[in-house]
Amino acid sequence: MTHKELIEQLSHDSGTTKAATEKLLSLLSGVAAEQLQSQGSFTLHGIGTLKVVNTAARQGRHPQTGETLNIPAGKRIKLSATKGLKAALA
């Protein structure tokens, strides 16, 4: 689903305008970013929890050339899905 399709679906289901829906989604993204920076996690009830995880430096391979690459240590975001979401897929 594209961003545009998500906006259309949410605005249709909620009965709001596409502009209002897009603004709300943008605000949600900003709140999530702030919470991940300050608290290290952000929970979307019914969907899951986003957490910041630290990854160690490691080696990888370029998929086309097979060349060895050094992947630096960094912070990544991990999504842990809720039981309800997992059950919906089963």
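These figures come from a predicted structure and were not determined experimentally. (Residues numbered from 1 in each chain as written. Predicted model: local features only at pLDDT ≥ 70, side-chain atom pairs only at ≥ 80, totals over all residues. Heavy atoms only, no water.)

Peer 1: Tell me about the pattern of salt bridges, and please be specific about residues and values.
Peer 2: Proximity of charged atoms lets side chains of opposite charge pair with each other. Within this structure, the stated rule accounts for 1 salt bridge. The shortest N-O distance in the salt bridge between Lys18 and Glu8 comes to 3.9 Å. Of this pair, Lys18 sits in helix H2 (residues 18-38) while Glu8 sits in helix H1 (residues 3-14), placing them 10 residues apart in sequence. Since its relative accessible area comes to 47%, Lys18 is described here as partly exposed. (Salt bridge = Lys/Arg side-chain N within 4 Å of Asp/Glu carboxyl O. Helix = DSSP H or I, 4+ residues; strand = E, 2+ residues; numbered from the N terminus. Buried < 20%, exposed > 50% of the residue type's maximum accessible area, 1.4 Å probe, protein only.)

Peer 1: Give me H2: which residues, what numbers.
Peer 2: In this model, H2 (21 residues) spans 30 Å end to end at C-alpha, consistent with the 30 Å of a helix rising 1.5 Å per residue. If you follow the buried residues of H2, they end up packed against H1, strand E1 (41-44), strand E2 (48-55) and strand E5 (74-81). (Expected span 1.5 Å × (residues − 1). Contact = heavy atoms within 4.5 Å.)

Peer 1: I'd like a description of the sheet that holds E1, backed by residues and values.
Peer 2: Judged by pairing direction, the sheet is antiparallel, and its 3 strands sit side by side in the order E1-E2-E5 without closing on themselves. This sheet does not close on itself; its edge strands, each paired only once, are E1 and E5. Neighbour to neighbour, the strand axes of the sheet diverge by 25° on average, direction disregarded. Bridge analysis of E1 against E2 gives 4 bridges, and the strand direction is antiparallel. Its bridge partner being in E2, Ser41 is matched across the sheet by Lys51. Most of the contacts of H2 go to E1, to which it runs at about 140°, and overall it touches E1, E2 and E5. (Pairing = 2+ DSSP bridges. Axes fitted to C-alpha atoms, helices over the stretch in contact; angles between N-to-C directions.)

Peer 1: Can you lay out the side chain of Thr21 for me, pointing to particular residues and giving the numbers?
Peer 2: Along the polypeptide, Thr21 turns up in helix H2. Discounting chain neighbours no more than four positions away, the residues touching Thr21 are Ile7, Leu10, Ser11, Ser14 and Thr16.

Peer 1: Account for the packing of H1 against H2, with residues named and values stated.
Peer 2: In the contact formed by H1 and H2, the axes pass within 9 Å of each other and the chain directions differ by 115°. What the angle tells us is that H1 and H2 run roughly perpendicular. Both H1 and H2 take part in a crossing whose hand is right-handed. Side by side, H1 and H2 meet where His3, Leu6, Ile7, Glu8, Leu10, Ser11 and Ser14 of the first sit next to Lys18, Thr21, Glu22 and Leu25 of the second. A breakdown of the residues in the contact of H1 with H2 according to their chemical character gives 4 nonpolar, 4 polar and 3 charged. (Parallel < 35°, antiparallel > 145°, perpendicular 65-115°, else oblique. Left-handed = near helix turned anticlockwise from the far one by under 90°. Nonpolar A, V, L, I, M, F, W, Y, C, P; charged D, E, K, R; others polar.)

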